[in-house]
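Read off the chains here:
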Amino acid sequence: GPELCNMNLTGATTTPPDIAVSTPQMTINAPVNTATNIPITFTVTGNQAATISSTAIANTVGASGTMNATSNACTTVQPGTSCTVTYTWTPTASGTTTINFSWTTNGLVSSQPFSITINPPANVVVPPYFSLTKDFLNSTPSSTTVTLSEPSGNQYAIPQITFSGTLASMFSLSNDTCSNITLMGGATCSFQVDFNDPTPSVAIPIEDAVIQVGSSISFAITVQIIPITPPTTTPTTPPTTTPTTPPTTTPTVPTTPTTPPAPPSPPVTVPTPPRVKGYWTVTANGKVTPYNGAGFFGDMSSYHLNKPIVGIVSTADGNGYWLVASDGGIFSFGDANFHGSTGAMTLNKPIVGIASTPDGHGYWLVASDGGIFAFGDAQFYGSTGAMKLNKPIVGIASTADGHGYWLVASDGGVFTFGDAQFYGSAGAMNLTVPVTSIVPSTDGKGYVIFTQDGKGYTFGDGTVGGSSSSSSNSVIGSATAL
């Protein structure tokens, strides 16, 4: 019969499945001690399924940190499919770390190194904005110095510093010690930003230009250009001197005794004239017209504007006012100060109005959809951004204490927020021209709604000295002197 042969095979090897492991080579622009997810993907490229029984970080070389597994979707991986293991890497120092990742597939241990570079950003210390009032008769450029520092002990490679935005071409760098260096931990560098306006006939409201410091750091420099025209000098006529004759001396006569004087009459009280409640109107071309004793502090009617003016509001003491353009650019006159703008924002709808806080240290801008932008000490109390409006919002007014505001639509509808009270609206008046603004009374217990032809409609204790109109442009905004 046939012989049976028993064969004992020893030393046989197991063929590992064909598998590709995707490990990252990452540069992370984040501060140290900040966790970052590190995904590692297994893909079976052959016809044999892979059973991944364990994964581990074998060792790290270089900058220190900790890596912990946070999720593992890998067990048995079928041919042509993938799975991912996610680790969390928390570096404790900047620099490059080489990580040796190992895994067990079908009982066989394999490993693959990869590197992670932590390049934390510098701590940028810059002014929030600088406001310029450029005299076009004076060609001296305006400038400011910006300082970058890295106090956290990390280092940051700074490339060539550049400018972007609509005003980028108007800026230049000088005394630059920051571009193309590695800013070491604890060190500082600085550069001077020079502003030169190439178009002295064009007025620029408050807008932002972006300073770019590499891919991870950028910040805005804000400028305001208000043309200043030279004062008109009227020659004065020298005073005419009339010769005076010497005084004539009259000899005195001895005093004759007189009767005692009568007691003085009680003082006569002269009534103080009532204070004039003045106001201003403004047109789209920036023309400001004062009424009833309100002061004139300048306007933009003689200059080209990038966007039309859409609103005006007075300062707390009535000795100045702000104009706002539809892009959120701000023009300040008199004692009005700049507190911010939407010049660097992408707006869903154009700006249509402005209201000041009672102390003049802040203001609100409102867009046509009722979106509210608060600056300075102005607080947000709500908006109509989520409402469906019959007509667009055209104006805003603050309450007396600054803890609320009214919005008005072009049909005269009034919306109240915060502590603002409702005193009526022009919605049922069948107005022949649209509403353009709302102005509160001094005590906040009423308001005046103005229309495009300058007429004012009062509600509550709101008062107005009369109607107004413009001969060149329709009125689009108004403000009262406090």
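Here, the structure is the one placed above.
Because the structure is a prediction, the values reported are computed rather than measured.

Draft legend 1. Region of interest: the overall build of the protein. Secondary structure assignment for the protein yields 0 helices and 33 strands. Burial status across the protein gives 41% buried among its 482 residues. Counted over contacts in the protein with a minimum sequence separation of 6, partners at least 24 positions apart contribute 55%. Accessible surface, the protein: about 25,100 Å² in total, of which carbon and sulfur atoms supply 54%.

Draft legend 2. Seen up close, the nonpolar core. Core analysis: the largest hydrophobic core is formed by 22 residues, its most contacted members being Phe-42, Met-67, Phe-101, Phe-114 and Ile-116. Elements supplying a minimum of two residues to this core: strand 3 (36–44), strand 4 (50–62), strand 7 (82–91), strand 8 (95–105) and strand 9 (108–118). In this structure, Phe-42 is in contact with Ile-19, Ala-20, Val-21, Ile-52, Thr-55, Cys-74, Thr-81, Ser-82, Cys-83, Val-85, Phe-101 and Trp-103, ignoring residues within four places of it in sequence. In this structure, Val-146, Leu-148, Ile-158 and Met-170 belong to the second largest nonpolar core, which totals 15 residues.

Draft legend 3. Summary view of the sheet that holds strand 29 (residues 414–418). Spatially, 3 strands are ordered 27-28-29 in an open sheet, and the strand pairing comes out antiparallel. Among the strands making up the open sheet, the edge pair consists of strand 27 (393–398) and strand 29. In this sheet, adjacent strand axes meet at a mean angle of 20° when their direction is disregarded. Strand direction decides the pairing type here: strand 28 (residues 404–409) and strand 29, joined by 5 bridges, are antiparallel. When the bridges of strand 29 are listed, Tyr-405 appears paired with Phe-417.

Draft legend 4. Examining unusual backbone geometry more closely. In this structure, Asn-175 is a non-glycine residue whose phi angle is positive, near 50°. Mapped onto the fold, Asn-175 is located in the loop between strand 14 (171–174) and strand 15 (181–183). At Asn-292, a position not held by glycine, the phi torsion is positive, near 55°. Note that Asn-292 resides in the loop between strand 20 (288–291) and strand 21 (309–314).

Draft legend 5. Broad picture of the packing of aromatic side chains. For the structure shown, the criterion picks out 17 aromatic pairs. Ring plane angle 65° and centroid distance 5.3 Å describe the contact between Trp-406 and Tyr-447, whose orientation is recorded as edge-to-face. Placement of Trp-406 in strand 28 and of Tyr-447 in strand 31 (residues 446–451) is noted, with a sequence separation of 41 residues between them. Classification of Trp-406 as buried rests on a relative accessible area of 0%. Aromatic pair Tyr-447 and Phe-459: ring centres 5.8 Å apart, planes at 40°, arrangement tilted. You can see Tyr-447 sitting in strand 31 and its partner Phe-459 sitting in strand 32 (residues 456–460), a full 12 residues away along the chain. By relative accessible area, which is 0% here, Tyr-447 ends up buried. Linked through ring pairs, Phe-42, Tyr-87, Phe-101 and Trp-103 together constitute an aromatic cluster.

Draft legend 6. The pairing of strand 9, seen in detail. As judged from the 3 bridges shared by strand 2 (residues 26–28) and strand 9, these two strands associate in the parallel manner. Each bridged residue has a counterpart across the sheet, and for Ile-28 the counterpart in strand 9 is Ile-118. Pairing geometry for strand 8 and strand 9, over 11 bridges, is antiparallel. Paired with Gly-95 across the bridge in strand 9 is Ile-118. Connecting strand 8 to the antiparallel partner strand 9 that follows it, the hairpin turn spans 2 residues, and Asn-106 within it adopts a positive phi of roughly 50°.

Draft legend 7. Structural view of the state of the cysteines. Tallied over the entire structure, the rule returns 2 disulfides. Covalently, Cys-74 is tied to Cys-83 through a disulfide, its sulfur atoms 2.0 Å apart. The S-S bond linking Cys-74 to Cys-83 shows a torsion near 110°; that makes this disulfide right-handed. Paired by a disulfide, Cys-178 and Cys-189 hold their sulfur atoms 2.1 Å apart.

Reading the values: rules and limits
Residues numbered from 1 in each chain as written. Predicted model: local features only at pLDDT ≥ 70, side-chain atom pairs only at ≥ 80, totals over all residues. Heavy atoms only, no water. Helix = DSSP H or I, 4+ residues; strand = E, 2+ residues; numbered from the N terminus. Buried < 20%, exposed > 50% of the residue type's maximum accessible area, 1.4 Å probe, protein only. Contact = heavy atoms within 4.5 Å. Areas by Shrake-Rupley, 256 points an atom, 1.4 Å probe, with all protein chains shown as cover. Core = buried A, V, L, I, M, F, W, Y, C linked by side-chain atoms within 4.5 Å. Pairing = 2+ DSSP bridges. Axes fitted to C-alpha atoms, helices over the stretch in contact; angles between N-to-C directions. Phe/Tyr/Trp six-rings, centres within 6.5 Å; stacked < 30°, edge-to-face > 60°. Disulfide = S-S within 2.5 Å.

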